[in-house]
Amino acid sequence: MLTLAWTYLTGYARATDPARRDAPEWPPHPARVWLALAAAFFETGEDPAEGHALEWLRTLPDPQVWLPLQAGGRRHVVTAYVPVNDKAEGTALLQSAPLARSKQPRTFPAVWVGDRPCFLHWPEAPDSDRYRPALTQLCARVTRLGHSASLVQMWVAERLPTPEDSFAGWLPTEEADSGLADLHLRRIFQGPSLERLRETFQAGRRPLVGLAAGYRAATFTPPPMTNTTAFDRDLLVLTQVDGPALPVTASLQVMQALRDTLMAHCPQPPPAWVSGHDAQGQPLADRRGHLALLPLPFVGYEYADGRLLGVALAFPTEIDRRERGRVIRPLFVNQQGKPADVSLRLGRLGVWVLRKRAWDDTRLTLQPETWTAFPRGAKRWASVTPVVLDRFPKANRLTERANWEYEVGSILFEACQYAGLPEPVEIDFGTTAWTPGAPRAIAKERPVRGASPPAQARLGDGFPPYLLKGARAAKPQVHVFLRFAEPVVGPVLLGAGRFLGYGLFKPLDFFVPKRS
């Protein structure tokens, strides 16, 4: 085991993102830490023992990255005009005059870290005891990490922090899993050697670092008694980066366009867990789950307006991350390994452009935990999009109200069992949502007076009906409130339209339902 730690002496990390000159690099790439050690090595006498330790670091696998939770606050980037470096010959005296020196625009992006340390951690580091003294000596000589104003103190740590210490961990993913990674960091492994760095420096060039490795957030292990659903809590979230603002009532159209795009770009023929159909084209009938698409609207808050901020992909739990990455990578990752833009053509609604959520996007609606209640789970859940009943109730809703409500409750109870949920201790339903910002389950209409031919006018907002393929009439759709005896970890999806955005629930831990 080996752990390197450092603190930023000014509280700020100053380094530029290699892909965007106006954006800071955060978290710090492992390759940048190694280059800081190499710079200290070359500037302080090139001790052979330190050189051997640096070359040994290059042979280790990708390290874990642990950062303080409060770190990552970005300052507004301002363009400054600074004097350029003096030229070696001819005009040095003239350049020193204030009015004669030319200036160029520069940006100095920075991230607030505070006074708590950051860590690189190798759980497996053979021969670490052999190289630890040299690394300890070398770390003490490191003065900066990134920009010359990014002053640091570095050391070899004896202990790694934990989530209980208010630290967040990032773990390297497998190569085939990189399509689902939360972020990509330049790796030390297979980077330039010390001799290569020396040649690059003598040639007056900047060093080239190695390839990027995918990282995912280290998560808690759920309590053993927590109930889960047939879908994995590890949602893949896409955010809207361009296109018109759409209400949540457009969910069905957006999800259908996303499904068509995904089916067209995944390896052919599409796997059954993506299409939901077997090799003969028949719907999966053995209760195997398949991919579900979730709209992510801004709902559940006092000023929520029901606007769609993004979408999420919910995978069946039995599909491992390697297989997920293999199938979705052609659509969501470009040739450079960066998140790719996904365009959805929505007819008269325009074109919607999505991109994989940046790991530091702090909007609560786009956090997977907002929809899964992970890790503690939630007992109370309410639908955000309407639940489409799996069959028509036999009783008449207007003349046999009590029987109709009993039948609908039974259908919802069976839907919970079919979705793998525990039996709810309370079920309520209606056309009005329990969640602020969510529209009615179905749009109301009234006849227009004097219209010829007869016409209908909508009353307020509401979701369009979910019409199954080949069906003559749409099945009833309602908003639903569920309460369980034990906490449940989502995502919770119910009803006939649960794979295309309908029947999506949100935990109500922080909100008081309108009815119960």
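Note that the structure is a prediction, hence the values are computed from the model and not measured.

A. How the structure looks around the overall build of the protein. Along the backbone of the protein there are 10 helices and 27 strands. Based on the C-alpha atoms only, the size of the protein along its principal axes is roughly 95 × 55 × 45 Å. Among the 516 residues that make up the protein, the fraction classed as buried is 46%. Of the contacts made within the protein by residues no fewer than 6 positions apart, 76% connect residues no fewer than 24 positions apart. Accessible area of the protein: about 26700 Å², with a carbon and sulfur share of 53%. Charge centroids of the protein, computed over 61 positive and 51 negative side chains, lie 7 Å from each other.

B. Quick peek at the sheet that holds strand β14 (residues 212–217). With respect to topology, seven strands assemble into an open sheet ordered β11-β1-β10-β5-β12-β14-β13, the strand pairing being antiparallel. At either end of the open sheet lies a strand with only one pairing partner, and these are β11 (152–156) and β13 (183–186). Neighbour-to-neighbour, the strand axes of this sheet turn through a mean angle of 25°, independent of strand direction. Pairing of β13 with β14 involves four bridges; the strand directions are antiparallel. Bridging from a neighbouring strand, leucine 185 pairs with alanine 213 of β14.

C. Here's a closer look at helix α2 (residues 48–57). Those residues of α2 not exposed but buried are Glu50, Gly51, Ala53, Leu54, Trp56 and Leu57. Where α2 is buried, its residues touch β1 (2–8), α1 (30–43), β10 (118–122), α4 (128–139) and α5 (194–202). Where α2 begins, the capping side chain belongs to aspartate 47, and its oxygen is found 2.9 Å from the backbone nitrogen of alanine 49.

D. Region of the structure containing the packing of aromatic side chains. Per the counting criterion, the structure on display carries 12 aromatic pairs. Between tyrosine 12 and tryptophan 112, the aromatic rings sit 5.1 Å apart at their centres with planes inclined by 70°, giving edge-to-face as the arrangement. Separated by 100 residues along the polypeptide, tyrosine 12 in strand β2 (residues 12–14) and tryptophan 112 in strand β9 (residues 110–112) bring together distant segments of the chain. Here tryptophan 112 falls in the partly exposed class, since its relative accessible area comes to 38%. Taking 4.8 Å as the distance between ring centres and 20° as the angle between the ring planes, the aromatic pair formed by tryptophan 56 and tyrosine 131 counts as stacked. Of this pair, tryptophan 56 sits in helix α2 while tyrosine 131 sits in helix α4, and the two are 75 residues apart along the sequence.

E. Fine view of the side chain of serine 251. Along the chain, serine 251 turns up in helix α6 (residues 251–265). Among residues more than four places away in sequence, those in contact with serine 251 are Pro295, Leu308 and Thr385.

F. Fine view of the domain arrangement of the protein. What the domain assignment reports for the protein is domain 1 (2–80 + 103–217) and domain 2 (236–444 + 458–507). Taking the mean C-alpha position of each, domain 1 and domain 2 sit 40 Å from one another.

G. Region of interest: the pattern of salt bridges. On inspection of all chains with the given rule, the structure shows 17 salt bridges. Among the ionic pairs, glutamate 195 bridges to arginine 198, the shortest N-O distance being 2.8 Å. Of this pair, glutamate 195 and arginine 198 both sit in helix α5, three residues apart, which is roughly one turn of the helix. Looking at arginine 198, the relative accessible area reads 24%, which means it is partly exposed. Here arginine 401 ties to glutamate 405 by a salt bridge, and the two come within 3.2 Å at their closest N and O atoms. Taken together, the positions of arginine 401 and glutamate 405, both in helix α10 (residues 401–418) and four residues apart, correspond to about one turn of that helix. A cluster of three or more residues bridged by salt bridges with shared partners is formed by Glu46, Glu195 and Arg198.

H. Spotlight on unusual backbone geometry. For the bond from tryptophan 26 to proline 27, the omega torsion is 0°, close enough to zero to count as cis. Considering the arrangement of structural elements, one finds proline 27 in the loop between β4 (20–24) and α1. Along the chain, glutamine 268 connects to proline 269 via a cis peptide bond; the corresponding omega equals -5°. Structurally, the position occupied by proline 269 is in the loop between α6 and α7 (272–275). Backbone geometry at aspartate 127 places phi at a positive 65°, although glycine is not the residue there. Mapped onto the elements, aspartate 127 comes out in the loop between β10 and α4.

I. Examining the nonpolar core more closely. Judged by nonpolar contacts, the single largest core of 45 residues is most densely connected at Trp6, Tyr8, Trp26, Leu37, Leu54, Leu57 and Trp122. With seven residues, α1 is the single largest residue contributor to this core. If sequence neighbours within four positions are ignored, leucine 57 has contacts with Leu2, Trp34, Leu37, Trp122, Leu135 and Ile188. Among the nonpolar cores identified, the runner-up in size contains 36 residues, and Leu246, Cys266, Leu291 and Val327 belong to it.

J. Fine view of the sheet that holds strand β18 (residues 308–314). Pairing is antiparallel across the open sheet formed by five strands, whose spatial order is β17-β18-β16-β20-β19. The sheet is open, and its two borders are formed by β17 (292–297) and β19 (342–345), each paired with just one other strand. Strand after strand, the sheet turns through a mean of 30° between neighbouring axes, direction not considered. Inspection of the sheet shows strand β16 (residues 236–242) paired to β18 by four bridges, in the antiparallel sense. By the bridge assignment for β18, valine 237 is matched with alanine 312. Of the strands in this sheet, β16, β18 and β19 are in contact with helix α8 (residues 321–332), which crosses β16 at around 5°.

K. Spatial organisation of the state of the cysteines. All told, the structure shown has zero disulfides when counted by the stated rule. Of all cysteine sulfurs, the one in cysteine 139 lies closest to cysteine 118, which takes part in no disulfide; the gap is 14 Å.

L. Structural view of the packing of α6 against α8. Where α6 contacts α8, the axes come no closer than 9 Å and their chain directions differ by 105°. As far as their axial angle goes, α8 and α6 are roughly perpendicular. Contacts between α6 and α8 involve Thr261, Leu262 and His265 on the former and, on the latter, Ile328, Pro330, Leu331 and Phe332. For the contact of α6 with α8, the residue count by class is five nonpolar, two polar and no charged.

Reading the values: the criteria
- Residues numbered from 1 in each chain as written.
- Predicted model: local features only at pLDDT ≥ 70, side-chain atom pairs only at ≥ 80, totals over all residues.
- Heavy atoms only, no water.
- Helix = DSSP H or I, 4+ residues; strand = E, 2+ residues; numbered from the N terminus.
- Buried < 20%, exposed > 50% of the residue type's maximum accessible area, 1.4 Å probe, protein only.
- Contact = heavy atoms within 4.5 Å.
- Areas by Shrake-Rupley, 256 points an atom, 1.4 Å probe, with all protein chains shown as cover.
- Lys, Arg positive; Asp, Glu negative; His and termini not counted.
- Charge placed at Lys NZ, Arg CZ, Asp CG, Glu CD.
- Pairing = 2+ DSSP bridges.
- Axes fitted to C-alpha atoms, helices over the stretch in contact; angles between N-to-C directions.
- Polar contact = N/O pair within 3.5 Å; in protein donor to acceptor, adjacent residues only side chain to side chain.
- Phe/Tyr/Trp six-rings, centres within 6.5 Å; stacked < 30°, edge-to-face > 60°.
- Domains from an automatic or database assignment.
- Salt bridge = Lys/Arg side-chain N within 4 Å of Asp/Glu carboxyl O.
- Core = buried A, V, L, I, M, F, W, Y, C linked by side-chain atoms within 4.5 Å.
- Disulfide = S-S within 2.5 Å.
- Parallel < 35°, antiparallel > 145°, perpendicular 65-115°, else oblique.
- Nonpolar A, V, L, I, M, F, W, Y, C, P; charged D, E, K, R; others polar.

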